[in-house]
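# Topology and contacts: notes
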Amino acid sequence: MDDLIEGVLNGRSRAIARLITLVENDEQAAETAVRQLHAHTGKAHVVGVTGPPGCGKSTLVNELAKAFRRQDRRVGIIAVDPSSPFTGGAILGDRVRMADLAGDRGIFIRSLASRGNLGGLSQATTAVIKILDAAGFDIILVETVGAGQSEVEIAATAHTTLVVEAPGMGDDIQSFKAGILEIADILVVNKADRPSAARTVQSLELMLHLGDGGSTRHHGRLLHNQAERDAETENGRWQVPVKSTVALEGQGVAELAAAVVAHRQFMEQNSEWQTREQERSRREIEMILQARLWQRLRASVSELEREQVITAVARRELDPYTAVNDLLRQITNGERS
Amino acid sequence: MVVERTLRILIGKPGLDGHDRGAKVVARALRDAGMEVIYTGLRQTPEMIVEAALQEDVDAIGLSILSGAHLPLMERVTALLKEEDMGDMPIFLGGIIPDEDVPQLKALGVTAVFGPGSSIDEIVTFVQESAARG
């Protein structure tokens, strides 16, 4: 393990790859790794890319990685695809769209299966981000599984969240719904060469401005041009931009990459970076706490006993809250003895 | 401590032929057997395959070749694997590969060749056994 940690800190690919496998499979290894690496992290800009299946996330990640490489930043990529709820197997196919990035030592791509986690990421994602951060990658692009409306876990994991939409996926009302659109720091309309792209951009912008209370603050005028938005951003409020891209042709990608960098600068100038770090740490602790509680429960109450409790609830002999209170009591009693 | 590990298998197509049905069938079968399949798709160079195997830390590599270029391609793949200290990686091939080339491929480090007519169960069992040894 110490060799792997040292290898990771020196940015060696093999060590990075091996440690990720360990962290994915073994809770104890994850603890050891995170304990040793945590102090070496906190430098990387973690950028989440989420959106519905087929909207172009992988292609966009491929193009963004190329754009950041042109600025000589080292780029780590974590691409999550879903695991089968039945067999646990998975097809991890995001590399198909990232063939351009092959042969560049400044890029490291790792595909992860969601392994039963429903938030759009996998349980190990946070630890994998840490490994890439400690290995010296400047930007870490995290691509979620194809997400629908409520897979918002990425927002608590990344510093900057890109929500990617494609034209023609529903009417205006979709853009007013709560959920995934709310977590965007940058909205991206990909496949912008499609006929209805302009309307998609328009309805997203309208949604953003209504949320701003824009009509009163701006005398009923929507902020249409970028200069006005930039001025707002200077006043300490991040204005979520809507960026159009045609990822397959690289169109709009340089502007999108610039928006990502602008968001980081904004965060640094407005103590938002610290706020997000606070939130990321909060989430990390909650996740570990949850996993540890489960572990303790399994250690102090046998599977048979747990099944008996479940059966009692199913038969209406016990209500679920009383059941949980009993289980929790058994964990704490187990601690004392 | 024995840790249960999900097998990770790379499935790809080196070279220039575009017939990916076989690779997809095998990928799907391995998925259904509970493995995580890193599917890299068509037109992979040996360098791309070995880089992906390294970064993804896979337990085995399965390649489908119907172009006839299996010997030079596999020479390069196995040489690169050795360079990256992954010389013991199980490698299995599918596609159109003449029987007389099989001994030479095995000498290069290919573990098994599954030609047309191979059963899917046979392939899945092979992968489970050879990958789990590592």
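Scroll up for the structure.
Take the overall build of chain B next. Scanning chain B from N- to C-terminus turns up five helices and five strands. What you see in chain B, going N to C, is helices and strands ordered as β-α-β-α-β-α-β-α-β-α. Rg of the C-alpha trace for chain B: 14 Å, near the compact-globule value of 14 Å for 134 residues, within the 12% margin. Each of the 134 residues in chain B was classed as buried or not, and the buried ones make up 46%. Residue pairs at least 24 apart in sequence account for 74% of intrachain contacts in chain B once pairs closer than 6 positions are excluded.

Our next topic: the nonpolar core. In terms of nonpolar packing, the biggest core is built from 121 residues, with Ile131, Ile140 and Leu141 of chain A together with Val37 of chain B touching the most fellow members. Look past the residues within four positions of Ile131 of chain A in its chain and what remains in contact with it is Val8, Ile16, Leu19, Ile20, Val23, Ala33 and Leu37 of chain A.

This part covers the pairing of strand S3 (residues 60–65) of chain B. Residues and elements named next belong to chain B. In terms of burial, S3 is largely enclosed, as six of its six residues are buried. Across the two faces of S3 the burial is the same, with Ala60, Gly62 and Ser64 and Ile61, Leu63 and Ile65 all buried. Examined bridge by bridge, strand S1 (residues 8–14) and S3 share four bridges and lie parallel to one another. Note that in S3 the partner of Ile9 across the bridge is Ala60. In the sheet, S3 pairs with strand S4 (residues 91–95) via five bridges, with the strands oriented parallel. Bridging across to S4, Gly62 finds its partner in Phe92. In the classification by handedness, the crossover that spans S3, the intervening helix H3 (residues 70–83) and the parallel S4 is right-handed.

What counts and what doesn't
- Residues numbered from 1 in each chain as written.
- Chains lettered and ligands numbered in written order.
- Predicted model: local features only at pLDDT ≥ 70, side-chain atom pairs only at ≥ 80, totals over all residues.
- Helix = DSSP H or I, 4+ residues; strand = E, 2+ residues; numbered from the N terminus.
- Rg over C-alpha atoms; globule rule 2.2 N^0.38 Å.
- Buried ≥ 20, exposed ≤ 12 C-beta atoms within 10 Å, placed from the backbone.
- Contact = placed C-beta atoms within 7 Å.
- Core = buried A, V, L, I, M, F, W, Y, C linked by C-beta atoms within 7 Å.
- Pairing = 2+ DSSP bridges.
- Right-handed = clockwise from strand over helix to strand, strands pointing away.

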